[in-house]
Each structure stands twice: as C-alpha cells, then as structure tokens.
Amino acid sequence: MAAIPIALVAMPLGSSLLIWAVLIYTIIQSVEGYVIGPLIQRQAVEIPPAWTLVAIVILGALFGVLGIALAMPLVAIGRVAIIRFYVEDYLGDNLKQTFNDGRS
C-alpha cells in the first residue's frame, strides 16, 4: 500500500523507471523491516525474539491483521511498564544497576 504513491509519481516517467522505483522501494522497505527495525527494537527494549513470535501469534489469532501489526509495540510497552512500575517502583530493584554490578 505504501508503494502506491511512489508508483503514481514514477508512472509519468515511463515503465522502466516505474519498475525501478517500485523495486528499490521494496528492497529498502524489506531491509528496514527485517533487519534494521528488529536490531533497534532489540537494543531499545531488550525483548527476546521468542516473546515477539508468541505475541504475534496470539494477538494475530485474537485480532487478525490489526493484532499482528500492534503485537510488537504492545509487547514493548508492556515490558517497559512492568519494569518501570513493578520491578523498579514496587520491588525497589533497578535492573540496570543489578546487571552492571553482577556482570562486567
């Protein structure tokens, strides 16, 4: 769906440029979606890949395409909320300090 505006802009320039534009857009989108995005998410919220797969399967079964699209953001929000509000506030444990003190 996101390639439609690119195709519409490239269409008046000829069919070969239209094909190149859609091909380049598809390659860039695939690299961003399958490589760069997961690497950033892993560093930002430290979610194990198994949790990502479980969330996608469960939310996809419950809510369909919308559940699949929102699975990763909801898991990230839930993990950060649990760490901030339960582990750090209620238990009084700071995970970063624990990991830094216990391991070099």
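As the structure is a prediction and not an experimental result, all values here were calculated from the model. (Residues numbered from 1 in each chain as written. Predicted model: local features only at pLDDT ≥ 70, side-chain atom pairs only at ≥ 80, totals over all residues. Heavy atoms only, no water.)

## So, the overall build of the chain
Along the chain, the regular secondary structure elements total five helices and zero strands. Of all 104 residues assigned to the chain, the portion counted as buried reaches 15%. The long-range fraction of contacts in the chain, counting pairs at least 24 apart against all pairs at least 6 apart in sequence, stands at 26%. Surface exposure of the chain reaches about 8300 Å², of which carbon and sulfur atoms provide 72%. (Helix = DSSP H or I, 4+ residues; strand = E, 2+ residues; numbered from the N terminus. Buried < 20%, exposed > 50% of the residue type's maximum accessible area, 1.4 Å probe, protein only. Contact = heavy atoms within 4.5 Å. Areas by Shrake-Rupley, 256 points an atom, 1.4 Å probe, with all protein chains shown as cover.)

## Topic: the confidence of the model for the chain
On average, residues of the chain score 83 in pLDDT, and 88% of them are at 70 or above. By mean pLDDT, helix α5 (residues 95-102) is the weakest element of the chain at 55, and helix α1 (residues 3-10) is the strongest at 90. (pLDDT = per-residue confidence, 0-100.)

## Quick word on the side chain of T52
Here T52 shows up in helix α3 (residues 49-63). Not counting residues up to four positions away in its chain, the partners in contact with T52 are I47 and M72.

## A look at the nonpolar core
Of all hydrophobic cores here, the largest spans eight residues; its members are V45, I47, A55, L59, A71, M72, V75 and A76. Sequence-distant contacts of A71, that is, excluding residues within four places in its chain, are made with A55, I56 and L59. (Core = buried A, V, L, I, M, F, W, Y, C linked by side-chain atoms within 4.5 Å.)

## Structural notes on the packing of α3 against helix α4 (residues 65-90)
For the pair α3 and α4, interaxial distance at closest approach is 7 Å and the crossing angle is 145 degrees. Between α3 and α4 lies a crossing of right-handed hand. Here T52, A55, I56, L59, G60 and F63 of α3 lie close against α4, whose contacting residues are V65, L66, G67, I68, A71, M72, L74 and V75. Considered class by class, the residues forming the contact of α3 with α4 number 11 nonpolar, three polar and no charged. (Axes fitted to C-alpha atoms, helices over the stretch in contact; angles between N-to-C directions. Left-handed = near helix turned anticlockwise from the far one by under 90°. Nonpolar A, V, L, I, M, F, W, Y, C, P; charged D, E, K, R; others polar.)

## So, a nonpolar patch on the surface
There is a patch of nonpolar side chains on the surface, built from W20, L23, I24, I27, I28, V31, Y34, V35, I36, L39 and I40 and spanning about 1100 Å² of accessible area. Tracing the sequence through the fold places V31 in helix α2 (residues 15-45). (Patch = residues over 30% accessible without salt bridge, like charges linked within 9 Å, V, L, I, M, F, W, Y side chains within 5 Å. Salt bridge = Lys/Arg side-chain N within 4 Å of Asp/Glu carboxyl O.)

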